[in-house]
Amino acid sequence: MIWLPLYGLFYAAATLYWARLSARENGDYQSFFSAAHGLPPWISALVLAGASISGWAVLVGAEEIGRNGFGLAAVLQAGVALALPGVIFFKRIWLLGRHLRISSLPELFRAYWQSEFLTAFTAIVAVLFAVAFAGLQLSALSKLLARLSDGALSPEIAATLLGLLLFGYVVIGGMRAIGYLGALQALLAGAALIGLAAFSLISIGGASALNAGLLRLAADPATAGRFLVSGVVHFTAGVGKQAAAGHEGTALASLSFALALMGLQASPMVMKVVLSTSSPRGFAAGQTWVMAGAFGAMFVFCMAVIGAGELIDPALGLAGLLTGLSSWFSAWLLIGLLAGVQLMAGLALLSAGESLVRNIYKPLFHSQLSRRDTVTLTRVLIGLLVVATVLMQVLTPVTLSMLAALALPLSFQLWTPLLGMTWLRWITRPAVVTGVGFGAAAVLLTEPFGISLLSYLGLDLPWGRNPWTIHSAAWGMATNVAVTLLVSAFTQRRGFGEAAEEARRFLFDELRGSARVRALRSTAWSVSLAWVFLAIGPGLVFGNYAFIDAGGRWVLGLPSLWGWALSMWVAGLGLVWFLSYKMEMASPPAVDVPSYTPRPKLRTSQIEAERERRRNFIITIAVGFSLAVVAALSFGQP
Amino acid sequence: MKQTGSSIERSILIFAIWAVLGFLGLGVFLEGMKTDIWLVSACGVSVIVLAFVAHITVNGVFDTGFSAGETSLGLGAYGVLGFVFVVSAAGGSLTMADYYSGLTLFGVLAAGFLAYLFTRHGLRGAFSRFHVKPMDKREASL
């Protein structure tokens, strides 16, 4: 087994080479956080797509199909579902960031919404992605690495090694290393996904054997349900409380899952890449041809083939597939998967470290911190986050899994402040803050973490995970939108801060849209809603039998739902192209972006106020902890 | 030496090409040797040739040639692999399929290398790349 260490060494050497190169470009710390806003657009496009695919496509997407079949059909539309938020937000967020000279999402929220709650909430989401979401994927890879090393490495040692490598290149090269290396990692991850699909197909015996195997499963009444969406919705109490009739893969389960995926594109780590990009020229092409096109094709073809292979023969799951290959191929594919996960993990770590130090600690508790010390402190914190995630992978995998499940739905709650900044000018500050707060509460109440926490404190909720087969992201957003609408209606007279007023004026003046765009607006709404309805919404039930003839045969030679997904992917690609270019939602703006300079203000010493904040913070932590202990002792279950 | 923006972008592309196509080609080539099927090895060689074509295309886009590091790494790897092949062939541990696979790899790479030199620099220019003139004659020709 020489190939795995050999390829691993090559990967580590390449990683550290790019980290060193980036550190020199950075001047050590000068442009550590944002690569001097100079990432080339094509690199950003690849990094955004690679961070979205990460290890998720194989570790979660293919696994879902392999275990439960095609019922959760929205998984196959991940490419388009991930591209749509990019089309909606990236261009406008980039313009706002450039105009206000801001380089991270928490900072943007503070400037625009003047809300410490939103800033802290965004930082928490960033930490969840860095520690839990990335940690869960790294944990799966560590186990795989241990298995492929024939016992030479234990999962714990593998997790530590992966953590060390991650820590090394993030703290040395910062955002620039993540960008440069990310382009390479995205291509490696894509190649690994294609390679795995090819080997899965070869192992099964070719396309005809794959279809014959699927046909055999579809003919068996015990497994026929794996090729169907089991209705629009099931009014069950949720996983762990009441099983759904048939299976959990309803149309609303698909829709809400797709919404959760869309949370990824609103996350602080993805916005970090957007705000570090040198020009918005690549957003339209990136979202259309890279994300929805190339990576969308990988989801709908490659991920589906890997999943279908496992569905036919459970021994052809990822681990089985890799152990059955020659060692040079399994090593190459594993490095590809590792590259995808490390891309996302590195980005998440940098964004979490920056959020906590540069966006929370420095402005609130230590404004005198120099730039060099800010970078140093961020590096230390990134190290602590890596230690935390490795320890959680080894010691508390269940908690890690529960926390990881919170990342996407909580991130999706950031849609309302993002929409308020970019499109919906009538959303007010109190509405956004209250909406996000209620949305987060709804997510917690429908996720195992919140349910377990309340159960530990003696409060058993009458529902489990995904009540009514609807993902927590949708429960959170329903609450979030309802509260935001209601509060906005009553607080329309409240004004905005100076930076927000300037940002609103700038966007309104510069991006009014041509007469042609205004004329196409109703068409855009119609086709978008139609696609959402048919591809990831209730219309998925049509896909159950759309490509089955009167004799019960598959017209396309593959399951009807898979054929439906293929046609909807083509339609989705057209939709993304139409919105990006024809509606000018992501196309490059033909405007200069002047930098906004706030009016000079008399600065007063913050030392006393910061000391007071630090004291209050420590007291709050102590009181909170004491209250939690008292509550647990009083009401907690033994 | 500090790299410029475009040279960094070129380097990223070169890394990506060899990480994806180079290692894939190597894997397919080794698979052919393992299964004793020359055709599979030849497919691996084709993928490696494809990687070279992509590398040269990127060089063309960025209006540059192979860097000194790339040249030395390529020639070094060729030399080491060639040495291993000769030793293995001399030791008699290669099957006929392995033998032909090796010959295909080294033959195609050598032919490709010469073709690249001739098309890029011309016959005389390609010779001049290796013909180091003595200092006094170099000065006389100026």
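Residues numbered from 1 in each chain as written. Chains lettered and ligands numbered in written order. Predicted model: local features only at pLDDT ≥ 70, side-chain atom pairs only at ≥ 80, totals over all residues.

Asker: What is the right way to look at the overall build of chain B in this model?
Answerer: Across its full length, chain B holds 5 helices and 0 strands. Ordered by position from the N terminus, the helices and strands of chain B form the series α-α-α-α-α. Every one of the 142 residues in chain B was classed for burial, and the buried ones make up 22%. Considering only intrachain contacts with a sequence separation of at least 6, the fraction spanning at least 24 residues in chain B is 59%. (Helix = DSSP H or I, 4+ residues; strand = E, 2+ residues; numbered from the N terminus. Buried ≥ 20, exposed ≤ 12 C-beta atoms within 10 Å, placed from the backbone. Contact = placed C-beta atoms within 7 Å.)

Asker: Explain the overall build of chain A here, please?
Answerer: From N to C terminus, chain A includes 24 helices and 0 strands. Projected onto the principal axes, the alpha-carbon positions of chain A cover approximately 80 × 60 × 60 Å. Taking all 638 residues of chain A together, the buried fraction comes to 55%. Put simply, of all contacts in chain A between residues at least 6 apart along the chain, 85% involve residues at least 24 apart.

Asker: What's the story with the domain arrangement of chain A in this structure? I'm lost.
Answerer: Many structure descriptions define interface size as the accessible area lost when the parts assemble. All names here are of chain A. Its domain assignment divides chain A into domain 1 (3–21 + 32–591) and domain 2 (609–638). If you average the C-alpha positions of domain 1 and of domain 2, the two centres end up 33 Å apart. Contact with domain 1, which involves 7 residues of that partner, is made by 8 residues of domain 2. Counted by class, the side of domain 1 that touches domain 2 contains 4 nonpolar, 3 polar and no charged residues. (Domains from an automatic or database assignment. Nonpolar A, V, L, I, M, F, W, Y, C, P; charged D, E, K, R; others polar.)

Asker: Is there a simple way to explain helix α18 (residues 448–456) of chain A in this structure?
Answerer: An α-helical turn contains 3.6 residues, so a residue and the one three or four places further along point in the same direction. All names here are of chain A. Among all positions of α18, only Pro448, Gly450 and Ile451 are buried. Looking down the long axis of α18, one finds its buried residues gathered within 165° of arc, a one-sided arrangement. On its buried face, α18 is in contact with α15 (397–412) and α17 (429–445). Following α18 by one or two positions, Gly458 has its phi on the positive side, about 95°. (Arc of directions from axis to C-beta.)

Asker: Please explain the nonpolar core as it appears in this structure.
Answerer: It is characteristic of soluble globular proteins that their nonpolar side chains tend to be buried jointly. Counting 249 residues, the largest nonpolar core has Leu128, Phe129, Ala348 and Leu349 of chain A as the members making the most contacts within it. Broken down by element, the residue count for this core peaks at 27 residues, all from helix α7 (residues 155–204) of chain A. (Core = buried A, V, L, I, M, F, W, Y, C linked by C-beta atoms within 7 Å.)

Asker: Sorry if this is basic, but what is going on with the packing of α17 of chain A against helix α19 (residues 472–490) of chain A here?
Answerer: Residues and elements named next belong to chain A. Between α17 and α19, whose axes approach to 7 Å, the crossing angle comes to 155°. Between α17 and α19, the angle falls in the class roughly antiparallel. Handedness of the crossing formed by α17 with α19: right-handed. Seen from α17, the contacting residues are Pro430, Ala431, Val432, Thr434, Gly435, Val436, Phe438, Gly439, Ala440, Ala442 and Val443; seen from α19, they are Ser472, Trp475, Gly476, Met477, Thr479, Asn480, Val483, Thr484, Val487 and Ser488. (Axes fitted to C-alpha atoms, helices over the stretch in contact; angles between N-to-C directions. Parallel < 35°, antiparallel > 145°, perpendicular 65-115°, else oblique. Left-handed = near helix turned anticlockwise from the far one by under 90°.)

Asker: In this structure, what is going on with the environment of His55 of chain B? I would like to understand it.
Answerer: All names here are of chain B. Counting through the fold element by element, His55 comes out in helix α2 (residues 38–61). Expressed as a C-alpha distance, the spacing of His55 and Ala115, which sit 60 residues apart in the sequence, is 15 Å. With sequence-adjacent residues up to four places away left out, His55 is seen in contact with Ile14 and Ile17.

Asker: What is the right way to look at helix α10 (residues 268–275) of chain A in this model?
Answerer: All names here are of chain A. Judged by how many residues are buried, α10 sits mostly within the fold: 8 of 8 residues are covered. Of all the positions in α10, only Pro268, Met269, Val270, Met271, Lys272, Val273, Val274 and Leu275 are classed as buried. Structurally, α10 contributes buried residues whose contacts are with α2 (41–53), α4 (78–100), α5 (105–113), α6 (116–148), α9 (251–264) and α13 (327–365).

Asker: Got a minute to help me understand the confidence of the model for chain A in this structure?
Answerer: Overall, the predicted model of chain A reaches an average pLDDT of 92, with 99% of residues at or above 70. By mean pLDDT, helix α20 (residues 498–510) of chain A is the weakest element of chain A at 87, and α17 of chain A is the strongest at 97. (pLDDT = per-residue confidence, 0-100.)

Asker: Can you help me understand the confidence of the model for chain B in this one?
Answerer: Reading fine detail from the predicted coordinates is not recommended where pLDDT is low. Residues and elements named next belong to chain B. Counting all residues, the mean pLDDT for chain B is 86, and 85% of those residues have values of 70 or more. Here helix α5 (residues 135–140) stands out as the least confident element of chain B, with mean pLDDT 59; α2 is the most confident, with 94. Across the assembled chains, the prediction reports ipTM 0.87 with pTM 0.92.

Asker: In this structure, what is going on with unusual backbone geometry? I would like to understand it.
Answerer: Residues and elements named next belong to chain A. The phi torsion at Ala36 lies on the positive side, around 55°, for a residue other than glycine. Turning to its location among the elements, Ala36 is positioned in the loop between α1 (3–26) and α2. By C-beta crowding, Ala36 is classed as partly exposed, having 17 other C-beta atoms within 10 Å. Although it is not a glycine, His37 sits at a positive phi angle of roughly 50°.

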